[in-house]
Each structure stands twice: as structure tokens, then as C-alpha cells.
Amino acid sequence: MATSKGTMFDPTLVTDLLNKVKGKSSLAALHAQDPIPFNGRKEFVFSMDNEIDIVAENGKKTEGGISVDPVTIVPVKFEYGARLSDEFLIATEEEQLDILSAFNNGFANKVAKGFDLAAMHGINPRTGTASSVIGTNHFDGKVTQTVDYTSATPDANLEDAIAVVDGSDGDVTGLALSKTFGSAMAKVKANGIKLYPEFSFGGTPEAFNGIPTSVNRTVSGGTAKVHGIIGDFQNAFKWGYSKEIPMQIIEYGDPDNSGKDLKGYGQIYIRAELYMGWGILVPEFFSRIREA
């Protein structure tokens with residue numbers, strides 16, 4: 001295993017990493033990623049102003065009209081690093097691979113959680129505060145249509161949220177629900193019988209009433225006390241990562257600004273970076289269920 005400063009994750013590890021991200025992130029589960037160039041990508045959202053016209057033979061044609069609203073998706077750098085004993089450098093290749101695989105597992109989990117917190121709530125996961133890099137490019141910042149959460153009738157909240165999207169001519173292709181919302185759904189009964197047993201005992205169904213679903217604590221991870229993001233994840237939301245995922249094994253210096261020199265403490269530093277971008281193309285095709 002190379003220990004130079006400019007290595008990349010092995011392709012097998014990269015594939016494994018992204019599979020794990022998809023399994024832990026609600027947004028990744030509800031929409032497949034599209035590769036994002038390092039310099040970003042512009043998505044064009046077309047709005048047809050009128051309905052299609054039926055014209056008689058030799059009949060007069062009139063303009064339907066169109067408006068174009070470009071949305072630029074620029075990758076954001078996610079970084080994680082950790083110190084290890086410099087015995088890593090003299091370990092066998094198999095032992096080094098085991099260590100990097102374990103690091104890969106942990107990094108995937110952190111990326112999955114971080115992606116949701118950033119794209120849903122605009123939060124820097126490390127600090128837990130709003131990120132100036134993200135700005136308003138997140139669901140809490142873009143989606144203004146909301147439904148008040150009521151713990152006794154979460155199914156009614158869900159119906160209302162879907163109706164809001166329908167009223168904006170959007171289609172609901174995904175439900176991102178908080179753990180609190182899932183628990184409330186499990187408690188809804190009629191004549192003493194649970195109506196939604198798939199949510200019982202912490203259940204996290206992959207679909208509810210035929211709609212792809214993800215129940216995740218990241219949904220309520222922001223300051224807005226959100227318990228659901230409902231909408232057209234398939235067509236009105238895009239995300240992706242840049243192809244190369246850098247991984248460095250650093251032997252010298254103080255890369256984490258801790259004040260402790262690596263050589264002085266017999267350590268190395270493993271750093272991984274992932275560039276991810278996202279865009280909410282049509283905010284009105286979403287609604288949020290939140291506490292009043």
C-alpha cells in the first residue's frame with residue numbers, strides 16, 4: 001500500500017464507501033447521484049407558461065411561452081482526518097489495507113450524516129452551526145411550504161404535506177422522515193389496532209404506501225425542528241460527487257493544527273476528502289413538516 005502524500009482511495013474502497021453512504025443518507029437513498037464536475041454544473045429548469053395547444057390544419061399558432069431558471073451545483077469539500085501510530089508504515093500490506101478499510105467505513109458513515117445535515121439544514125457537521133460555504137442552498141433555506149407537526153396525527157400531517165406539493169403541480173417521489181415522526185406513526189391506532197405497524201419498534205420502511213421512504217435522525221438534525229421533507233426528490237433535487245476521492249497519508253508536520261508535531265509524537269495522519277454538490281431545482285415541489 002503506497003504511503004505517499006498524494007494517493008487516492010482504491011477503486012474498490014471508493015465503491016464500498018459510496019454504497020455505505022447511500023445506505024445511511026436519506027437524500028442519497030431517495031435520489032441516485034449524478035456525477036458532478038469539479039468545477040460544478042449548471043442545471044436548467046424550464047417552466048412552460050401555458051398548456052399545449054391544438055391547432056387545426058393551416059390554423060394559427062400562438063406562443064406558449066417559456067422561462068428558464070438556471071441552478072448551479074458547485075461541489076463542497078467534506079474532509080476528515082485522524083492520527084495513527086506510525087507503526088502503520090511498517091505494517092504488512094494486508095494490515096495497512098485492514099486499517100484503511102476501517103477508516104473507509106467510518107468516513108462513509110460521517111459523509112452520509114454530514115451530507116444530510118448540510119443539504120437539509122445548511123449545517124457544518126463538525127461545528128453544528130450554519131455554514132457560510134453552503135449559504136441558503138439547503139431544504140430549510142429553500143423550501144418555504146410547511147405543515148405544522150402534530151404528534152397525535154402524523155398521518156394527517158403527511159397527507160397535508162403531500163397535498164401542498166400536489167397543489168404546486170409537483171409529484172411526491174420520496175418521504176424523508178425523522179425518527180420522532182416514525183415513532184409517532186407507529187402509535188397511530190384505530191380500534192386498538194396499529195395502522196402503520198411497519199414503523200413499530202424503530203422500524204424504518206424503505207417504502208410507505210408505495211412511496212420510497214427513509215426514516216433518519218438527520219431529518220430533525222437542524223435548528224428548525226423538522227420532522228419530514230416531502231416531495232419530488234427524483235426530478236426536483238440533484239446531487240453528486242466528483243469522481244476522484246483524495247486520501248493522504250501524511251508523515252510530517254501538524255496537519256490538524258493541534259500543536260503536536262507528527263514525528264515528535266510517533267504518529268501519522270490519514271486524511272480523506274470528498275467533493276459533493278447538490279441543488280434544489282424546484283423548491284415548491286417540496287414541503288416540510290416541522291414543529292410550530
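The structure this text deals with has already been given above.
**Q** How should the packing of aromatic side chains be read in this particular structure?
**A** What describes a pair of aromatic rings is the distance from one ring centre to the other and the angle between the planes of the rings. Under the definition given, this model contains 13 aromatic pairs. Taking 5.1 Å as the distance between ring centres and 80° as the angle between the ring planes, the aromatic pair formed by Phe139 and Phe286 counts as edge-to-face. In this pair, Phe139 sits in helix H4 (residues 139–142) while Phe286 sits in strand S16 (residues 286–290), placing the two residues 147 residues apart along the sequence. An identical accessibility class is assigned to Phe139 and Phe286; each is buried. Taken together, a centroid distance of 6.4 Å and an interplanar angle of 80° make the contact between Phe233 and Phe237 edge-to-face. With a relative accessible area of 0%, Phe233 lands in the buried category. Overall, Phe237 belongs to the buried group, its relative accessible area being 0%. Among the aromatic side chains, those forming a connected cluster through ring pairs are Phe78, Phe115, Trp239 and Trp278. A cation over a ring is seen here: Lys194 above Phe201, with NZ or CZ 5.1 Å from the ring centre.

**Q** How do you make sense of the packing of helix H1 (residues 11–24) against helix H3 (residues 93–121) when you look at a structure like this?
**A** Working note: a packed helix pair is described by the angle between its axes plus the distance between those axes. Where H1 contacts H3, the two axes come as close as 8 Å, and the packing angle between them is 35°. Relative to H3, H1 is oriented so that their crossing is right-handed. Taken together, the residues of H3 that come into contact with H1 (itself represented by Leu13, Asp16, Leu17, Lys20, Val21 and Lys24) are Leu97, Ser101, Asn104, Asn105, Phe107, Ala108, Asn109, Val111, Ala112 and Asp116.

**Q** Is there a simple way to think about the nonpolar core in this case?
**A** Taken as a class, soluble globular proteins show a tendency for nonpolar side chains to be buried jointly. Counting residues in each nonpolar core, the largest one holds 48 residues, and the members touching the most others are Phe9, Phe115, Phe139, Phe233, Phe237, Trp278 and Phe286. For this core, the secondary-structure elements that each account for two or more residues are H1, helix H2 (26–30), strand S3 (76–85), H3, strand S12 (226–231), strand S13 (237–241), strand S14 (247–250) and strand S15 (267–280). Sorting elements by how many residues they give to this core places H3 first, with 10 residues. In this view, Phe139 contacts Leu27, Ala119, Met120, Ile229, Phe233, Phe237, Ile280, Phe286 and Arg288; residues no more than four positions away in its chain are not counted. Val172, Leu175, Val215 and Ile289 belong to the second-largest nonpolar core, a separate cluster that totals 21 residues.

**Q** Looking at this structure, I do not really get the sheet that holds strand S6 (residues 146–148). What am I missing?
**A** As summarised here, the arrangement of the six strands in space is S6-S16-S12-S7-S11-S10, forming an open sheet in which the pairing is mixed. The two strands at the open ends of the sheet, each matched to only one other strand, are S6 and strand S10 (207–208).

**Q** Teacher, can you tell me more about the pattern of salt bridges here?
**A** Any two side chains of opposite charge can pair, on the condition that their charged atoms come close. Scanning all chains against the criterion turns up seven salt bridges. Of the charged contacts, one joins Glu273 and Lys77 as a salt bridge, the two residues approaching to 3.9 Å between their closest N and O atoms. Here the residue Glu273 occupies a position in strand S15, and Lys77 occupies one in strand S3, the gap between them amounting to 196 residues. Taking the relative accessible area as the measure of exposure, Lys77 reaches 46% and is therefore partly exposed. Taking the shortest distance from any N to any O, the salt bridge between Arg271 and Glu79 comes out at 3.3 Å. Taken together, the residues span a long stretch of sequence, with Arg271 in strand S15 and Glu79 in strand S3 at a distance of 192 residues.

**Q** Can you walk me through the environment of Ser131 in this structure?
**A** In this fold, Ser131 is placed in the loop between strand S5 (129–130) and H4. Taking the relative accessible area as the measure of exposure, Ser131 reaches 15% and is therefore buried. Between the alpha carbons of Ser131 and His121 there is a distance of 9.5 Å; along the sequence they are 10 residues apart. Reaching out from Ser131, the side chain makes a polar contact with the backbone nitrogen of Val133 at a distance of 3.2 Å.

About the criteria used
- Residues numbered from 1 in each chain as written.
- Predicted model: local features only at pLDDT ≥ 70, side-chain atom pairs only at ≥ 80, totals over all residues.
- Heavy atoms only, no water.
- Phe/Tyr/Trp six-rings, centres within 6.5 Å; stacked < 30°, edge-to-face > 60°.
- Helix = DSSP H or I, 4+ residues; strand = E, 2+ residues; numbered from the N terminus.
- Buried < 20%, exposed > 50% of the residue type's maximum accessible area, 1.4 Å probe, protein only.
- Lys NZ or Arg CZ within 6 Å of the ring centre and 35° of its normal.
- Axes fitted to C-alpha atoms, helices over the stretch in contact; angles between N-to-C directions.
- Left-handed = near helix turned anticlockwise from the far one by under 90°.
- Contact = heavy atoms within 4.5 Å.
- Core = buried A, V, L, I, M, F, W, Y, C linked by side-chain atoms within 4.5 Å.
- Pairing = 2+ DSSP bridges.
- Salt bridge = Lys/Arg side-chain N within 4 Å of Asp/Glu carboxyl O.
- Polar contact = N/O pair within 3.5 Å; in protein donor to acceptor, adjacent residues only side chain to side chain.

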